[in-house]
Amino acid sequence: MRHEPRRDNRGILDPGRLRQQVRFRRRMAAPALRRWVEHYWLIDWDLTEPFEQRVVPHPTVNVVFQAQEGAPEQGEIAGVDTGLFAVTLHGVGRVSGVQFRPGGFRPFWRRPVAELTGRRVPIPGGPICPGTDDERCARLDELLTSWPPVADPLAAEATALVEEIRADRTVLRVTDFARRRGVSVRRLQRLFLDHVGVGPKWVIRRYRLQEAIEQAAAGPLDWSRVAADLGYADQAHLVREFTAVAGVSPAAYARSLAALRP
């Protein structure tokens with residue numbers, strides 16, 4: 001189990017610009033919570049003009065508390081977002097978020113996580129996340145500790161399977177993955193929908209697409225080779241999926257980032 005938060009930019013479109021505009025950092029949850037929680041994420045901003053950030057979401061549930069422009073802090077459970085997530089920040093504000101591990105929210109929710117997919121469910125109550133980073137993380141620890149999870153061995157199985165897909169770029173097809181793990185495709189689909197919120201095919205495609213986005217940020221590429229490496233039928237398939245989710249073609253995205261470099 002990790003003891004430090006991830007440092008990659010997977011899913012963040014134009015991460016350099018994000019860090020220029022806001023203070024963004026990740027913190028680990030209390031050790032007892034780490035089997036379920038990937039990390040906490042904290043953002044603070046003081047902007048003179050609106051800033052839009054776009055994210056290609058992970059197959060994860062987030063619990064988010066946001067306060068902006070003096071408005072009361074609002075909390076919500078954000079299910080897996082299957083499209084492109086965009087938010088416009090303005091003025092002064094802060095966000096304190098919990099990113100659960102894939103499958104990690106099921107023991108807290110206690111119902112099929114697919115019920116939350118594409119939805120945002122308000123959390124009633126007053127503000128819980130003012131103060132320093134340590135104070136904000138301590139309040140998130142307290143919140144999750146007071147919301148005791150139910151033991152669920154299938155949640156741990158789902159988390160391990162999604163982590164394998166994330167880390168192993170050779171996982172390209174559900175049938176091959178199910179055969180490798182010694183389970184039926186049908187069982188894999190039920191497990192993912194119940195505990196992750198989306199099916200295994202979507203998880204595979206999403207992680208491979210996030211890899212394509214990270215590679216595009218590195219500079220000019222042979223897109224036909226990238227498409228083959230990531231399991232797309234051809235370059236046109238990659239371009240269509242990239243454009244449908246990110247809003248621009250991979251080449252256009254790479255050019256936009258190159259134009260911002262000194």
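It should be noted that the structure appears before, not after, this text.
Calculation criteria
Residues numbered from 1 in each chain as written. Predicted model: local features only at pLDDT ≥ 70, side-chain atom pairs only at ≥ 80, totals over all residues. Heavy atoms only, no water. Helix = DSSP H or I, 4+ residues; strand = E, 2+ residues; numbered from the N terminus. Rg over C-alpha atoms; globule rule 2.2 N^0.38 Å. Buried < 20%, exposed > 50% of the residue type's maximum accessible area, 1.4 Å probe, protein only. Contact = heavy atoms within 4.5 Å. Areas by Shrake-Rupley, 256 points an atom, 1.4 Å probe, with all protein chains shown as cover. 1 Å grid on protein atoms, 1.4 Å probe; cavity = no way out; pocket = protein on both sides within 12 Å on 5 of 7 lines; lining within 4 Å. Points joined across faces, edges and corners; volume = space filled by probe spheres on them. Axes fitted to C-alpha atoms, helices over the stretch in contact; angles between N-to-C directions. Left-handed = near helix turned anticlockwise from the far one by under 90°. Nonpolar A, V, L, I, M, F, W, Y, C, P; charged D, E, K, R; others polar.

**Q** For this particular structure, what's the right way to read the overall build of the protein chain?
**A** The helix and strand tally for the protein chain stands at 10 helices and 8 strands. For 262 residues, the compact-globule formula gives about 18 Å, and the C-alpha radius of gyration of the protein chain, at 19 Å, lands near that figure. Counting only residues that meet the buried cut, the protein chain has 48% of its 262 residues in that class. Within the protein chain, residue pairs in contact and separated by at least 24 positions form 71% of the contacts whose partners lie at least 6 positions apart. Roughly 12,700 Å² of accessible area belongs to the protein chain as shown, and the carbon and sulfur atoms make up 54% of that amount.

**Q** When you look at the layout of surface pockets in this model, what are you seeing that I'm missing?
**A** Quantified by volume, the largest pocket comes out at close to 750 Å³. Residue lining of the largest pocket: 31 residues in total, with Trp41, Val55, Asn62, Val64 and Phe85 positioned closest to the centre. Of all the secondary structure elements, the ones that give two or more residues to the lining of the largest pocket are strand S1 (23–27), strand S2 (37–46), strand S3 (51–55), strand S4 (62–68), strand S5 (74–78), strand S6 (85–89), strand S7 (92–100) and strand S8 (120–123). In terms of residues, the lining of the largest pocket owes the most to one element, S5, which gives 4 residues.

**Q** I would appreciate a short explanation of the packing of helix H4 (residues 153–167) against helix H7 (residues 200–217) in the present structure.
**A** Helix-helix packing is characterised by the crossing angle of the two axes and by the distance between the axes. One way to put it is that H4 packs onto H7 with a least axis distance of 9 Å and a crossing angle of 35°. The element H4 and its partner H7 pack so that their crossing is right-handed. In contact with Val162, Ile165 and Arg166 of H4, H7 contributes Val203, Ile204, Tyr207, Arg208 and Glu211. By residue class, the composition of the contact of H4 with H7 is 5 nonpolar, no polar and 3 charged.

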